[in-house]
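# Topology and contacts: notes
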Amino acid sequence: YLLETSVYPSEPKILKELRAVTATHPGGLMGTLPDAGQVLTMVLEMVNVKKTIEIGVFTGYSLLLTALTIPHDGKITAIDPDQEAYNIGSPLIKKAGVEHKINFINSVAHPVLDKLLETPDEHDSFDFAFVDADKVNYAKYHEKLLKLVKVGGIIVYDNTLWLGTVAVEEELVPEMLRESRHYMKELNKSLAADDRIRICQLPCGDGMTICRRLR
Ligand code: SAH
Ligand code: CA
């Protein structure tokens, strides 16, 4: 009901196309869902995001959505080691005419974040960060991103309910999800106790935690 009534009518056609091509990929279910996308769009607009960083691009749903939402001179640093998945979505990014806002870096995230941290000008310079990869490392990304995102800026962590597994007993969780579930539970606890940020954890998509840097 929610999707049919409130999400699909305003989802840009090009994002629907991107979802359609993503569905042909074996990992297609990893793509951001349009209800979560609607939250991202709202936040990007509310805080007038211009400079942003994305960890975990896949075929580019959240990336294209971000590029469509930020202003013409906005900039996105987008990081993912999977060039092949990115190649699936990049023709649509070009078609949308927003390619110039994107700096795609074909790499795992840590070395890129470390490089940014070596440059004093990059500190406190990002308005927004979207973290959607490599769940076991979220806590490490958090410490680095709190140095790169400015006071008042936003960090969004995706999949923080981890398919609902954070809310059930470990014995009921499939073996392959247990380690990531453990790290996600630890992250949720530490974000809730972190007085440098204000948080809002939403049950949309697979759970999404919005953090605002306070100091
Ligand atoms: N935001 C995407 C979904 C990302 S899925 C969307 O809107 O569709 C997770 C992605 O994280 C995968 O493409 C995977 O290649 C990438 N990934 C995995 N480990 C990573 C790492 N260490 N650093 C950056 N990206 C990583
Ligand atoms: Ca996700």
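Look up: the structure comes first, before these words.
By convention here, each chain's residues receive numbers from 1 onward along its written sequence. Both sets of labels track the order of writing: A upward for chains, 1 upward for ligands. This being a predicted model, a pLDDT of at least 70 is required before a residue's local features are given, and a value of 80 or more before pairs of side-chain atoms are given or counted; all residues contribute to the totals for chains, interfaces and linings. Based on all heavy atoms of the structure, the side-chain values leave hydrogens and waters out of the count.

## What to know about the overall build of the protein chain
Helix and strand assignments follow DSSP, with helices taken as H or I runs no shorter than four residues and strands as E runs no shorter than two, numbered in order from the N terminus. When you go through the protein chain residue by residue, the secondary structure sums to eight helices and seven strands. Just to be clear, the radius of gyration here is over C-alpha atoms, and the globule rule we use is 2.2 Å times residues to the power 0.38. Here the C-alpha atoms of the protein chain give a radius of gyration of 17 Å, agreeing with the 17 Å that 2.2 N^0.38 yields for 215 residues. If you line up the protein chain on its principal axes, its C-alpha atoms span 45 × 45 × 30 Å. Note on contacts: a residue pair is in contact if any heavy atoms of the two residues lie within 4.5 Å. The long-range share in the protein chain, meaning contacts at least 24 apart out of those at least 6 apart in sequence, stands at 69%. Positive charges come from Lys and Arg alone, negative charges from Asp and Glu alone, with His and the N- and C-terminal ends not counted. Where a charge lies is defined by one atom per residue type: Lys uses NZ, Arg uses CZ, Asp uses CG and Glu uses CD. Each charge class in the protein chain was averaged separately, 24 positive and 30 negative side chains, and the resulting centres sit 5 Å apart.

## Describing the coordination of the calcium ion (ligand 2)
Think of it this way: four donors in a tetrahedron around the metal ideally sit 109.5 degrees apart, and six in an octahedron ideally sit 90 or 180 degrees apart. The protein atoms donating to the calcium ion (ligand 2) are Asp132 (OD), Asp132 (OD), Asp158 (OD) and Asn159 (OD1), with metal-donor distances spanning 2.3 to 2.8 Å. One chain supplies every donor to the calcium ion (ligand 2), and in sequence these donors are spaced D-x25-D-N. In this pair, aspartate 132 sits in the loop between strand S4 (126–131) and helix H7 (138–148) while asparagine 159 sits in the loop between strand S5 (149–158) and helix H8 (175–193), placing the two residues 27 residues apart along the sequence. In this structure, aspartate 132 and asparagine 159 share a single accessibility class: buried. Coordination here is defined by N, O and S atoms within 2.8 Å of the metal (3.2 Å for Na, K and Ca), and since water is not considered, a site can look incomplete. Note on classification: 1.4 Å probe, protein chains only; a residue is buried when its accessible area is under 20% of the maximum for its type, exposed when over 50%, partly exposed between these limits.

## Re the packing of helix H3 (residues 34–46) against helix H4 (residues 61–69)
For the pair H3 and H4, interaxial distance at closest approach is 10 Å and the crossing angle is 30 degrees. Taken as a pair, H3 and H4 cross one another with a handedness that is right-handed. Seen from H3, the contacting residues are Pro34, Gly37, Leu40, Thr41, Leu44 and Glu45; seen from H4, they are Tyr61, Ser62, Leu65, Thr66 and Thr69. Considering only residue class, the contact of H3 with H4 consists of five nonpolar, five polar and one charged. Convention adopted: a line fitted to C-alpha atoms gives each axis, helices being fitted over their contacting stretch, and angles between N-to-C directions are expressed from 0 to 180 degrees. When the near helix sits turned anticlockwise from the far one by under a right angle, the crossing is termed left-handed; a clockwise turn instead gives a right-handed crossing. Basically, the charged four are Asp, Glu, Lys and Arg, the nonpolar ten are Ala, Val, Leu, Ile, Met, Phe, Trp, Tyr, Cys and Pro, and anything else, Gly included, counts as polar.

## Brief notes about the site of ligand 1
Any residue with a heavy atom lying within 4 Å of a molecule or strand is counted as near it. Around ligand 1 there are 20 residues in total, and Thr32, Gly56, Ser62, Asp80 and Asp132 lie nearest to it. At 2.5 Å, a side-chain N or O of threonine 32 approaches an oxygen atom of ligand 1. Any pair of N or O atoms that falls within 3.5 Å is considered a polar contact. Within protein, one atom must be able to donate a hydrogen and the other to accept it, and sequence-neighbouring residues count only if both atoms are side-chain atoms. One of the backbone nitrogen or oxygen atoms of alanine 109 is found 3.0 Å away from a nitrogen atom of ligand 1. The accessible surface values rely on the Shrake-Rupley method and a 1.4 Å probe; as for residues, cover is taken only from the protein chains in view. Burial of ligand 1 by the protein chains amounts to 87% of its free accessible area of 590 Å². Counted by class, the shell around ligand 1 contains 12 nonpolar, four polar and four charged residues.

## Quick word on the sheet that holds strand S1 (residues 51–55)
DSSP bridges decide pairing: two strands pair if at least two such bridges lie between them. In space, the seven strands of this open sheet follow the order S3-S2-S1-S4-S5-S7-S6, with mixed pairing throughout. The open sheet terminates on both sides in strands that have one partner only, identified here as strand S3 (102–105) and strand S6 (197–202). Across the sheet, the mean angle from the axis of one strand to that of its neighbour is 15 degrees, orientation sign disregarded. Relative to S4, S1 runs parallel, the two being bridged by four bridges.

## What about the side chain of threonine 32?
Looking at where threonine 32 falls in the secondary structure, it is placed in the loop between helix H2 (13–22) and H3. Under the relative-accessibility criterion, threonine 32 is labelled buried at 8%. Not counting residues up to four positions away in its chain, the partners in contact with threonine 32 are Gly37, Tyr61, Ser62, Phe130 and Asp132.

## Quick word on helix H5 (residues 83–95)
A helix is expected to span 1.5 Å for every residue after the first. For H5, built from 13 residues, the straight-helix expectation of 18 Å at 1.5 Å per residue is met to within 8% by its first-to-last C-alpha distance of 18 Å. Taken together, the buried positions of H5 are occupied by Ala85, Tyr86, Gly89, Ser90, Leu92 and Ile93. Those residues of H5 that are buried lie in contact with H2, H4 and S3. Sitting at the amino-terminal end of H5 is aspartate 82, which places a side-chain oxygen 3.2 Å from the backbone nitrogen of glutamate 84. Positive backbone phi, at 75 degrees, marks glycine 97, one or two positions downstream of H5.

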